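Analysis of the macromolecular model
As a plain string of letters, each chain reads:
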Amino acid sequence: MNKDWSDEYMIKLIGVTKVYKTGVRALSDINLTIEPGEFVYVIGPTGAGKSTFIKLLYREEVATSGKVFVAGIDVSKIKDRKVPYFRRNIGVVFQNFRLLPKKTVFENVSFALEVTDTPRKHIRSKVRRTLDLVGLADKANSFPHQLSGGQQQRVAIARAIVNEPKVLIADEPTGNLDPDTSTEILNVLERVNAQGTTVLVVTHDKYIVEKFKKRTILIDNGCITSDTSVGGYIYD
Amino acid sequence: MNKDWSDEYMIKLIGVTKVYKTGVRALSDINLTIEPGEFVYVIGPTGAGKSTFIKLLYREEVATSGKVFVAGIDVSKIKDRKVPYFRRNIGVVFQNFRLLPKKTVFENVSFALEVTDTPRKHIRSKVRRTLDLVGLADKANSFPHQLSGGQQQRVAIARAIVNEPKVLIADEPTGNLDPDTSTEILNVLERVNAQGTTVLVVTHDKYIVEKFKKRTILIDNGCITSDTSVGGYIYD
Amino acid sequence: MIREIFSCIRNFPRHIGTALKNIWRNGVMSISSIFAVTITLIIIGVIGVIAINIQDMTMNVESSLTIHVQMEREATQEEVDATYAALQNLEHVASVTYSDKESELQKLIDGMGEDGEIFAEYQGEDNPLGDAFIIEAEDGQYLETIASQIENMERVNRVNYGGESTTSLVSGLETVRNIGSVFIIGLTVIALFMIANTIKITITSRSTEISIMRMVGASNWYIRIPFMLEGIMIGLIGSIVPILILYYGYNALYNASDGMFISNMLLLRDPYPFVFQFGAFLAILGSSVGLVGSFMSVRKFLKF
Amino acid sequence: MIREIFSCIRNFPRHIGTALKNIWRNGVMSISSIFAVTITLIIIGVIGVIAINIQDMTMNVESSLTIHVQMEREATQEEVDATYAALQNLEHVASVTYSDKESELQKLIDGMGEDGEIFAEYQGEDNPLGDAFIIEAEDGQYLETIASQIENMERVNRVNYGGESTTSLVSGLETVRNIGSVFIIGLTVIALFMIANTIKITITSRSTEISIMRMVGASNWYIRIPFMLEGIMIGLIGSIVPILILYYGYNALYNASDGMFISNMLLLRDPYPFVFQFGAFLAILGSSVGLVGSFMSVRKFLKF
Ligand SMILES: Nc1ncnc2c1ncn2[C@@H]1O[C@H](COP(=O)(O)OP(=O)(O)OP(=O)(O)O)[C@@H](O)[C@H]1O
Ligand SMILES: Nc1ncnc2c1ncn2[C@@H]1O[C@H](COP(=O)(O)OP(=O)(O)OP(=O)(O)O)[C@@H](O)[C@H]1O
Ligand SMILES: [Mg+2]
Ligand SMILES: [Mg+2]
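Residues numbered from 1 in each chain as written. Chains lettered and ligands numbered in written order. Predicted model: local features only at pLDDT ≥ 70, side-chain atom pairs only at ≥ 80, totals over all residues. Heavy atoms only, no water.

Spelled out, the test is: UniProt positions are given in the numbering used here, feature names are shortened, and annotations may be inferred rather than shown by experiment.
In the annotation of an unreviewed UniProt entry, the entry for chain C reads Cell division protein FtsX, and the organism field reads Candidatus Fimiplasma intestinipullorum. You can read under Function (unreviewed entry) in the UniProt record for chain C the words "Part of the ABC transporter FtsEX involved in asymmetric cellular division facilitating the initiation of sporulation." Heading Sequence similarities (unreviewed entry) of the UniProt record for chain C holds this comment: "Belongs to the ABC-4 integral membrane protein family. FtsX subfamily."

Next up, the structure:
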């Protein structure tokens, strides 16, 4: 599966444009390379195209033109049937969480392991450890609708990191969290990154971008208008 | 309907406790008065009970014990059938937006006017004006799933303010917005407040609490641990 | 209350628009509901057509039943005439026909088919039969009373109503009709549950929508009316195909069979105005079940 | 592929657990689907029982048909004996019974009911009838061939198969059976569509769930199998009530009617093992429709 995966990049976009069916031009001619093991912030005003950008990476949307490579795979060439296998390389924290409503917190997280055929005996301990990490051990048996916004967000984070993906993409992972919990979550993401996972964080949170300085990409109106290797919030 | 509504308060909680069916004690013995025309922040760590507090105000949840008065009405005494009429006094921006998925942006906002029997000729212009206010005039005909997170959030805000409620309650209205848009939204909320509406904003956003100083209530672990009349972020 | 009613009336055109939009935007769900209605009405339609025709046939046959009064062989002409007059004066008698002993024997011979020819030689003086009268009643239900009155008359040998074959046909039809009725009622109830069930599922999947509506202040009737109109429309749309099948199918059947079933005693009902009446019945049935189904299903979600 | 198959087998217990949990947690939806299956199978069951019994009766009656061979009145005893032997040698003849002219006349008189008594005086020398043979064929289908062979024999007056009433009963039953078959097939197809439709709706309302599963890397089969098992279970659970109705209902019917319908020529099928076989058929039908229904419905959501 990863034969043509060059060590030089984990994510590579070449001339990517995305126009939605409604005619909205969400991204125009994006070129970008992210190396394995990098930690990158994606920032930008609302409606700039940040979510669209990451949707292209895990193939929820397909680029109108241009090429998207993730972990050495040409994303636009993956057959429908193979998409789930591809997604096992990527952990995603969605902006709107997308938890399975009829499954408990524990089941939501363990599901990501079950589908990848993790041996049963490892699942239980792995899930417990991850829930501990995001501070939700006591909510394991709750259903998503019984959680606060911030708790749901942390379940989504736990699910994304539990199977140690090659790439972790988080869309506003701290949008519903107070500064203390945000800092904790960022620490978790840094730890995951230290283990070799490439991490991409979409955020509006000035506080965390300033506190955890990293490479920051600014998307505005569908274009990358700034890309620093040292963090720095570009508004104001 | 508002006969026994004293001018002294818009919202009054007396010894309110909320225990969920699961046994979680989300709020304990809350006492609080908010006067008509006030602008109040509600802050606190994740899972503290902020959303539960405001759910009691618009009667999505009912207090386990204690009394909740909003606009002079004893909330726990409202009959199921009368709940919608009561809610017309309150505009709510939900943490998870709750837009009608099968209705366009325009329809979502105008729906709040239609149900209150606003004369048809006023609806169109009112909705347009409100969408302009939140900067979404060009998305009027999009469906919620075609919007970015921040755009959905602004639709929710537009819907909450369009029929000029007595009380406006916003749960994380800037959670998905960049600082610039957040500032704009806060300006909108201030304008609504200036027209006499009582405004309650639940937020984690240190930036806006500091920039727009107002009375701030800190909820922690189900109790009000701090209530200032002058704003001031209490973390750090 | 009055305020609510006025609000409903004022918003009626808007509610219709909402209902149409919902049907359109809910795609698969609407199609499924319509499909359920269609199937259900087809079942009800087919069974109904059969039932109605069997009912008709039974009544037809019953009303064509006659009383056969056989005089004694020894009765004189005067006695026969007196009986004739007496019969004509009986209540609920529609007509009395005289048939002499020769034609009676001939009928017997004819009725027996080939076996009868053997008895042709007993015609004339050897004729073992007497004169007879054939009586038509105004209605099948009077047969028994009339017959019992005649049995008490003098010189009457035997009173028979309906040939044996006819009686057994009627009792056969009645059995079929009775079993059929139970079946029809059962199936109709089941089928209507089916529609209501489908509508319930489609509405359940929209419970979030309903709770959001209540959240922004929509009164219960404001929420309910579009759902009810949607139910009615789904019922009406769903009844189009069954009505077409009824119209073309019944006409085709009627023409193919020359309007009769097996024998010419079992007549099919005339297509007009039957198909129109029954079609209207199907449409009304579909839309009222749609209405009631949505009303009941929405109810559940207006409780919190 | 091999990896997928192994993964499926390894995870089978887990899939069953998931399916059970889903049924439980989807509450109303599951109940609705089960309800649809129940209703459908009841319809199919009732119609099926009727159809099978009519089919049985038709075959019963057909196989009890006999050929009635009537000799000329003038035939001598030798000629009758010769014919007897000839008849016994015909192919596909199961049995030949001799009946002399006296018993033939008696049968005629008995068959005519009260009217027949008039002819009692023609017994003895005046008897207009000849001797006769009653022949049973090995199977209803040979009646025609046998009869035509006999017609060519000497001294044979008339060959008749089946009394007129029997023949018309058979043709009546055949008509009912034919109309019934069309009806059954149609209704079964419709009913199965109904189940599939209900399952489709329930699954459509869970499309988000499916897309999330794909999002976290679940392969298509991993998603599909629990849905399929859910379909099977819904089918099985839904068939419980129809099977109980079948079991108790058919037994009650059988006992109440002494195992016959109208006359003792129309026998009901023995309850055992019939109810078990038919019950198993319903369970299999329900679960396979559930299986196919969910398979097809999930398919749609695995495309993106
Ligand atoms: N499915 C869709 N169909 C049509 N237009 C869409 C769709 N999804 C997004 N858009 C539009 O594309 C643009 C970019 O959206 P996107 O979700 O990428 O923004 P974003 O940068 O994530 O914003 P936010 O910070 O508010 O989440 C927006 O104008 C949005 O309305
Ligand atoms: N429906 C429910 N059933 C059971 N427990 C619930 C329910 N809703 C919330 N809770 C619990 O009540 C507590 C308070 O939740 P609440 O939603 O009020 O928190 P919050 O302050 O809004 O947090 P956040 O900032 O993360 O949104 C949490 O521990 C949560 O898990
Ligand atoms: Mg976004
Ligand atoms: Mg909250």
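1. A word on the overall build of chain A
The condition is simple: Working definition: helices are DSSP H or I runs of at least four residues, strands are E runs of at least two. Numbering for both runs from the N terminus. Throughout, the radius of gyration refers to the C-alpha atoms, and the reference size of a globule is 2.2 Å times the residue count to the power 0.38. Under the scheme applied here, a residue whose accessible area is under 20% of the maximum for its type counts as buried, over 50% as exposed, and between as partly exposed, the area being computed with a 1.4 Å probe on protein chains only. Residues are treated as being in contact if the distance between any of their heavy atoms lies within 4.5 Å. To measure how exposed things are, a 1.4 Å probe is used in the Shrake-Rupley method; for residues, cover is taken only from the protein chains shown. Counted as positive: Lys and Arg. Counted as negative: Asp and Glu. His and the chain ends are not counted at all. By convention, charge coordinates are those of NZ in Lys, CZ in Arg, CG in Asp, or CD in Glu.
A tally of regular secondary structure across chain A gives seven helices and 10 strands. Its C-alpha atoms give chain A a radius of gyration of 17 Å, within 12% of the compact-globule value 18 Å for 236 residues. Across its three principal directions, the C-alpha atoms of chain A cover 45 × 45 × 35 Å. Buried positions account for 62% of the 236 residues belonging to chain A. A separation of at least 24 residues holds for 70% of the contacts in chain A among residues at least 6 apart in sequence. By element, 48% of the accessible surface of chain A is carried by carbon and sulfur atoms, the whole surface being about 9,300 Å². Between the averaged position of the 34 positive side-chain charges in chain A and that of its 27 negative side-chain charges there is a distance of 8 Å.

2. Some details on the site of ligand 2
Threshold: Here a residue is near a molecule or strand as soon as one of its heavy atoms is found within 4 Å of it. Any pair of N or O atoms that falls within 3.5 Å is considered a polar contact. Within protein, one atom must be able to donate a hydrogen and the other to accept it, and sequence-neighbouring residues count only if both atoms are side-chain atoms. Gly falls in the polar group here, along with every residue not listed as nonpolar (Ala, Val, Leu, Ile, Met, Phe, Trp, Tyr, Cys, Pro) or charged (Asp, Glu, Lys, Arg).
In the vicinity of ligand 2 lie 21 residues, with G150(A), Q151(A), T46(B), S51(B) and T52(B) positioned nearest. Neighbouring residues of ligand 2 are not confined to one chain but are distributed across chains A and B. Residue G149(A) places a main-chain N or O atom 3.2 Å away from an oxygen atom belonging to ligand 2. Between a nitrogen atom of ligand 2 and a side-chain N or O atom of Y20(B), the distance comes to 3.5 Å. In the complex, the protein chains occlude 94% of the 640 Å² of accessible area that ligand 2 would expose alone. Of all the elements in the fold, those that place two or more residues in the shell around ligand 2 are helix 5 (149–161) of chain A together with helix 1 (50–57) of chain B. Grouping the amino acids of the shell around ligand 2 by side-chain chemistry returns five nonpolar, 14 polar and two charged.

3. Things to note about a nonpolar patch on the surface
All names here are of chain C. Worth spelling out the cut-off: Residues forming no salt bridge and having over 30% relative accessible area are the ones grouped into patches, like charges within 9 Å of each other and nonpolar side chains (Val, Leu, Ile, Met, Phe, Trp, Tyr) within 5 Å. Every case where a carboxyl oxygen of Asp or Glu lies within 4 Å of a side-chain nitrogen of Lys or Arg is listed as a salt bridge.
Taken together, the side chains of I237, I240, V241, L244, I245 and Y248 make up a nonpolar region of the molecular surface, amounting to roughly 560 Å² of accessible area. A total of five residues in the nonpolar patch trace back to one element, the largest contributor, which is helix 10 (residues 240–256). Considering the arrangement of structural elements, one finds I245 in helix 10.

4. Some remarks on the coordination of the magnesium ion (ligand 4)
Residues and elements named next belong to chain B. Our working rule: Donor atoms are limited to N, O and S found within 2.8 Å of the metal ion, a distance that becomes 3.2 Å for Na, K and Ca. With water left out, some sites might look partial.
Only S51 (OG) and Q95 (OE1) from the protein coordinate the magnesium ion (ligand 4), and they sit 1.9 to 2.3 Å from it. On the criterion of sequence distance, the pair formed by S51 in helix 1 and Q95 in the loop between strand 6 (90–93) and helix 3 (105–114) is long-range, its members being 44 residues apart. Q95 carries the same exposure label as S51, and that label is buried.

5. Focus: the site of ligand 1
Near ligand 1, the surroundings consist of 21 residues, among which T46(A), S51(A), T52(A), G150(B) and Q151(B) are the closest. The environment of ligand 1 is shared, with nearby residues belonging to chains A and B. A48(A) places a main-chain nitrogen or oxygen 3.2 Å from an oxygen atom of ligand 1. Protein burial of ligand 1: of its 640 Å² of free accessible surface, 94% is covered by the chains. The set of elements that each furnish at least two residues to the shell around ligand 1 consists of helix 1 (50–57) of chain A together with helix 5 (149–161) of chain B. Its residues assigned to classes, the shell around ligand 1 shows five nonpolar, 14 polar and two charged.

6. Examining the packing of helix 1 (residues 2–10) of chain C against helix 2 (residues 12–25) of chain C
Residues and elements named next belong to chain C. Worth spelling out the cut-off: Each axis is a line fitted through C-alpha atoms, and for a helix only the stretch in contact is used; angles between axes span 0 to 180 degrees, taken between their N-to-C directions. We call two directions roughly parallel when the angle between them is under 35 degrees, roughly antiparallel when it is over 145, roughly perpendicular when it lies between 65 and 115, and oblique otherwise.
Closest axis-to-axis distance for the helix 1/helix 2 pair is 4 Å, and the angle between their directions is 60°. It follows from the interaxial angle that helix 1 and helix 2 lie oblique. Where helix 1 approaches helix 2, its residues C8, I9 and R10 are matched on the opposing element by F12, P13 and H15. Residues belonging to the contact of helix 1 with helix 2 are distributed by class as follows: four nonpolar, one polar and one charged.

7. A closer look at the environment of E174(D)
Within the fold, E174(D) resides in helix 7 (residues 164–204). Look at E174(D) and you get partly exposed, because its relative accessible area is 25%.

8. Structural notes on a positive patch on the surface
There is a patch of like positive charges on the surface, built from K79(A), R81(A), K82(A) and R3(D). As for its position among the elements, R3(D) is in helix 1 (residues 2–10).

9. A word on the pairing of strand 4 (residues 65–70) of chain B
Residues and elements named next belong to chain B. Where we set the bar: Pairing between two strands is assigned when DSSP locates at least 2 bridges connecting them.
In this sheet, strand 4 lies alongside strand 1 (residues 11–19) in antiparallel orientation, the contact comprising five bridges. If you follow I11 over to strand 4, its bridge partner there is V70. Two strands pair when backbone bridges link them, and strand 4 and strand 5 (residues 73–74) are joined in this way by two bridges, in the antiparallel orientation. The partner of V70 across the bridge, within strand 5, is I73. The loop that links strand 4 with its antiparallel partner strand 5 comprises two residues; one of these, A71, has a positive phi angle of about 50°.

10. Examining the confidence of the model for chain A
Detail in the predicted coordinates should be disregarded across regions flagged by low pLDDT. Worth spelling out the cut-off: Each residue carries a pLDDT value, the predictor's own confidence for that position, ranging from 0 to 100.
Averaged over chain A, the pLDDT score is 88; the fraction of residues at 70 or greater is 94%. Long-range and interchain partners of residues 1–5 of chain A, a stretch whose pLDDT sits below 50, account for 11 contacts in this model, where long-range means more than four residues apart.

11. Points about the packing of helix 8 (residues 207–215) of chain D against helix 9 (residues 220–256) of chain D
Residue and element names in this part refer to chain D. Applicable threshold: Should the near helix be turned counterclockwise from the far one by less than a right angle, the crossing is left-handed, whereas a clockwise turn marks it as right-handed.
Two numbers describe how helix 8 lies on helix 9: the axes approach to 9 Å, and their chain directions differ by 145°. You can see that helix 8 and helix 9 cross each other, and the crossing is right-handed. Packed against helix 8, whose contacting residues are I210, M213 and R214, the element helix 9 presents N220, I223 and F227 at the interface. Per-class residue counts for the contact of helix 8 with helix 9 are four nonpolar, one polar and one charged.

12. Some details on the UniProt feature "transmembrane region" (unreviewed entry) in chain C
Residue and element names in this part refer to chain C. Residues annotated in UniProt with the feature "transmembrane region" (unreviewed entry) correspond here to residues 31–54, 179–200, 221–250 and 274–298. Note that residues 221–250 is 97% helix and 0% strand, and that its end C-alpha atoms are spaced 41 Å apart. The annotated region residues 274–298 carries 100% helix and 0% strand content, and the separation between its end C-alpha atoms amounts to 36 Å.

13. Description of the interface of chain A and chain B
You'll often see interface size given as the accessible area lost when the parts meet. The condition is simple: We define buried area as the total accessible area lost by two parts upon association, computed with a 1.4 Å probe and summed across both.
Contacts between the two partners involve 28 residues from chain A, matched on the other side by 28 residues from chain B. Of the roughly 2,000 Å² buried where chain A meets chain B, counting both sides, 51% is carbon and sulfur surface. Looking at the side of chain A facing chain B, the largest losses of area belong to T46(A), N176(A) and D178(A), adding up to 25% of the total buried there. Counting the contacts that link chain A with chain B gives zero salt bridges. The tally of links from chain A across to chain B stands at eight residue pairs in polar contact (both at pLDDT 80 or more). Of all elements in the fold, only helix 5, helix 6 (179–194) and helix 7 (206–211) of chain A reach the threshold of two or more residues within the side of chain A that touches chain B. The element best represented in the side of chain A that touches chain B is helix 5 of chain A, accounting for four residues. Tallied by class, residues from the side of chain A that touches chain B come to seven nonpolar, 14 polar and seven charged.

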